[in-house]
Amino acid sequence: MSFSELAGQLAAAGKGFYERGWVLGTSGNFSAVAGREPLRVAITESAAAKGSLTPDQILEIDGDGAVLRPAGARPSAETLLHLAIYRNRTAGAVLHTHSIHGTMMSDRAAADGGFVIHGYEMLKGLAGIDTHEHREWIPVLENSQNMRELAAEVETLLAEKPSLRAFLIRRHGLYTWGRDLAEATRHVEILEFLMEVLWRSSESRMSNAPFTAPGR
C-alpha cells in the first residue's frame, strides 16, 4: 500500500471514530506502519480535529519520531507511545481513542490497576480469541505529560504482559493495536463496545439496588 493510500485510510478511520463519539475535538491519535526496514510510520499530526481529518494531516516519521514529511509538521504529542508499541509488538497499526465510557472505566479501575472483561461473546472479535470464556485484562496507567516516562512505562508493561492487546491511560483513553489497520479498527470497536457494556451494567446494578434511607 502506498503512503497516500495509508493516509487516506487513517483519515477515514478518524472520521468514523468521531461519528461514534470516540474521538471528539482534537482527541485521539492514529498510526500505521508504512515501512519496516527501516521503520517508517504514518501518524496523525498534533491537534488535528478528527471529525474533519484529511490525508494531508497524516505525517511520515522515522523510528525515532523525527518527521520525514511534510517538513516542519508536528506529529501527535503521543508519538513516543506509538513507537513504544511498535518496538514491543508486531503491530501494523496503533489506534488511540478518548471515548466517554473508556475514560470513566479508566478512572474507576485505576486503583486496581485495571479490570478484566470476561464472559462476553464480543471477546471473540479480538485476534486469537475463540471463546466467550476468555479473560481479557485491560491495565490502566496513570496519565502524565512526560511522554518519555510514560513511553518507558508502556514498554515495561508490554514486556511483562506479552499477550496484552490494549491498555488505558487514566482519565484519558484507550490504546489498542493490530497486525494491520483493519484488525486494529476491529479491536477498537470490540473494546469500546465492551467498556460501554461494563459501565452500563454496573450503573444498572447500582440503580436497581434496594434504597436504604440515611441513618437506617
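Going by the structure above, here's the rest.
Reading the values: rules and limits
- Residues numbered from 1 in each chain as written.
- Predicted model: local features only at pLDDT ≥ 70, side-chain atom pairs only at ≥ 80, totals over all residues.
- Heavy atoms only, no water.
- Helix = DSSP H or I, 4+ residues; strand = E, 2+ residues; numbered from the N terminus.
- Rg over C-alpha atoms; globule rule 2.2 N^0.38 Å.
- Buried < 20%, exposed > 50% of the residue type's maximum accessible area, 1.4 Å probe, protein only.
- Contact = heavy atoms within 4.5 Å.
- Areas by Shrake-Rupley, 256 points an atom, 1.4 Å probe, with all protein chains shown as cover.
- Lys, Arg positive; Asp, Glu negative; His and termini not counted.
- Charge placed at Lys NZ, Arg CZ, Asp CG, Glu CD.
- Polar contact = N/O pair within 3.5 Å; in protein donor to acceptor, adjacent residues only side chain to side chain.
- Phe/Tyr/Trp six-rings, centres within 6.5 Å; stacked < 30°, edge-to-face > 60°.
- Lys NZ or Arg CZ within 6 Å of the ring centre and 35° of its normal.
- Axes fitted to C-alpha atoms, helices over the stretch in contact; angles between N-to-C directions.
- Parallel < 35°, antiparallel > 145°, perpendicular 65-115°, else oblique.
- Left-handed = near helix turned anticlockwise from the far one by under 90°.
- Nonpolar A, V, L, I, M, F, W, Y, C, P; charged D, E, K, R; others polar.
- Pairing = 2+ DSSP bridges.

Trainee: What should I look at first to understand the overall build of the protein chain in this one?
Mentor: Helix and strand content of the protein chain: 5 helices and 9 strands. Relative to the globule expectation of 17 Å for 216 residues, the C-alpha radius of gyration of the protein chain, 18 Å, shows essentially globular dimensions. Its C-alpha atoms give the protein chain principal-axis dimensions of about 70 × 35 × 30 Å. A buried classification covers 48% of the 216 residues belonging to the protein chain. Relative to all contacts within the protein chain whose residues are 6 or more apart in sequence, the contacts with residues 24 or more apart total 62%. In the structure as shown, the protein chain presents an accessible area of about 10600 Å², 51% of it carried by carbon and sulfur atoms. Charge-centre separation for the protein chain: the mean point of 22 positive side chains lies 4 Å from the mean point of 26 negative side chains.

Trainee: How should the environment of Glu-136 be read in this particular structure?
Mentor: Residue position: Glu-136 is located in strand E7 (residues 135-141). On the basis of relative accessibility, which here comes to 3%, the residue Glu-136 falls in the buried class. Expressed as a C-alpha distance, the spacing of Glu-136 and Ala-166, which sit 30 residues apart in the sequence, is 9.3 Å. Apart from the residues lying within four places of it in its own chain, the contact partners of Glu-136 are Phe-115, Val-116, Ile-117, Leu-123, Leu-126 and Arg-165. Here His-134 takes part through its side chain, which lies 2.5 Å from a polar atom of the side chain of Glu-136. Within the structure, Glu-136 has its side chain in polar contact with the side chain of Arg-165 (distance 2.9 Å).

Trainee: It is not clear to me how the packing of aromatic side chains should be interpreted in this structure. Could you clarify?
Mentor: In this description, a pair of aromatic rings is defined by centroid distance and the angle of the planes. One pass over the full model with this rule turns up 4 aromatic pairs. The interplanar angle of 80 degrees and the centroid separation of 5.7 Å between the aromatic rings of Phe-17 and Phe-30 together place this pair among those described as edge-to-face. Placement of Phe-17 in helix H1 (residues 3-19) and of Phe-30 in strand E1 (residues 29-35) is noted, with a sequence separation of 13 residues between them. Across the pair, Phe-30 and Phe-17 agree in class, each one buried. Across from the ring centre of Phe-3, 4.2 Å away, lies the NZ or CZ of Arg-69, which sits over that ring. Over the ring of Trp-199 we find Arg-108, and its NZ or CZ is 3.8 Å from the ring centre.

Trainee: Explanation requested: the packing of helix H2 (residues 79-88) against helix H4 (residues 147-160) in the structure shown.
Mentor: Packed helix pairs are specified by the crossing angle of their axes together with the interaxial distance, meaning the distance between the axes. At a closest axis distance of 9 Å, the pairing of H2 and H4 adopts a crossing angle of 25 degrees. Comparing the axis directions of H2 and H4 gives the class roughly parallel. Like other packed secondary-structure pairs, H2 and H4 cross with a definite hand, here right-handed. Together, Leu-80, Leu-81, Ala-84, Ile-85, Arg-87 and Asn-88 of H2 and Met-147, Arg-148, Leu-150, Ala-151, Val-154, Glu-155 and Leu-158 of H4 make up the contact between the two elements. The residue makeup of the contact of H2 with H4, split by class, is 9 nonpolar, 1 polar and 3 charged.

Trainee: Even after reading the chapter, I still don't get the sheet that holds strand E6 (residues 114-118), so can you show me in this structure?
Mentor: Backbone-to-backbone hydrogen bonds pair the strands of a sheet. The strands run either parallel or antiparallel. The 9 strands are arranged E4-E3-E2-E1-E5-E9-E8-E7-E6 in an open sheet whose pairing can be described as mixed. What marks the edges here is a single partner per strand, and that holds for strand E4 (67-69) and E6. Between one strand axis and the next, the sheet turns through 25 degrees on average, direction left out of account. Where strand E2 (residues 40-44) lies against strand E3 (residues 58-62), 5 bridges are found, and the strand directions are antiparallel.

Trainee: How do you make sense of the pairing of E2 when you look at a structure like this?
Mentor: As a general feature of sheets, a regular strand has side chains that alternate between the two faces. With 4 of 5 residues buried, E2 lies mostly within the body of the structure. Across 4 bridges, the pairing between E1 and E2 is antiparallel. The residue bridging Gly-35 from the neighbouring strand is Arg-40, located in E2.

Everything listed here is a matter of coordinates, which is why it stays silent on function.
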